[in-house]
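Residues per chain, in single letters:
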Amino acid sequence: MELQAIEKLIEIDEATRSHVESVHAKKFALKKQIDEEKDVLSKKSWEDVNKALEEKKQALDQENYEFALASQKDYDAKVTALKKMFETNHDAWLDMLVQQVIGFDKRG
């Protein structure tokens, strides 16, 4: 009777040990799967972040390009206006300078 109880105890122990090993193996496999999934999600997140940054960079580059074009156009318009103003008024301005420097008044 005692021998049967000991054998039964050994049998239960072996079954329990086998079950524990199986649970540990499943736990290890699940942990590995979770780590792999975590790596995939992390990689995808970084790809999404980098894609969003690249799109933002392209939008800002386009905005800067358009601003530079508008600034150049504005500059060119102002230079043209200044040149026209100079061409129109340079003789009068020269006369005014001469009058101020030497006190000469051609008008009388």
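Coordinates for the structure precede this section.
Residues numbered from 1 in each chain as written. Predicted model: local features only at pLDDT ≥ 70, side-chain atom pairs only at ≥ 80, totals over all residues. Heavy atoms only, no water.

Participant: Summarise the packing of aromatic side chains; cite the residues concerned and give the values.
Facilitator: Note on aromatic pairs: each is described by the distance of the centres and the angle between the planes. A complete count under the given rule lists one aromatic pair for this structure. Centroid distance Phe 86 to Trp 93: 6.3 Å. Interplanar angle 50°. Geometry classified as tilted. Classification of Phe 86 as partly exposed rests on a relative accessible area of 47%. (Phe/Tyr/Trp six-rings, centres within 6.5 Å; stacked < 30°, edge-to-face > 60°. Buried < 20%, exposed > 50% of the residue type's maximum accessible area, 1.4 Å probe, protein only.)

Participant: Lay out a nonpolar patch on the surface in plain terms, naming residues and giving numbers.
Facilitator: Where nonpolar side chains cluster on the molecular surface, the patch consists of Leu 82, Met 85, Phe 86, Trp 93 and Met 96 and spans about 530 Å² of accessible area. Assignment of secondary structure puts Met 96 in helix 1 (residues 2–102). A relative accessible area of 51% places Met 96 in the exposed class. (Patch = residues over 30% accessible without salt bridge, like charges linked within 9 Å, V, L, I, M, F, W, Y side chains within 5 Å. Areas by Shrake-Rupley, 256 points an atom, 1.4 Å probe, with all protein chains shown as cover. Salt bridge = Lys/Arg side-chain N within 4 Å of Asp/Glu carboxyl O. Helix = DSSP H or I, 4+ residues; strand = E, 2+ residues; numbered from the N terminus.)

Participant: Mind laying out the environment of Glu 36, listing which residues take part and the relevant values?
Facilitator: Within the secondary structure layout, Glu 36 lies in helix 1. Of the residues examined, Glu 36 reaches a relative accessible area of 44% and is grouped as partly exposed. The spacing of Glu 36 and Glu 55 is 19 residues in sequence and 28 Å in space, taken between C-alpha atoms.

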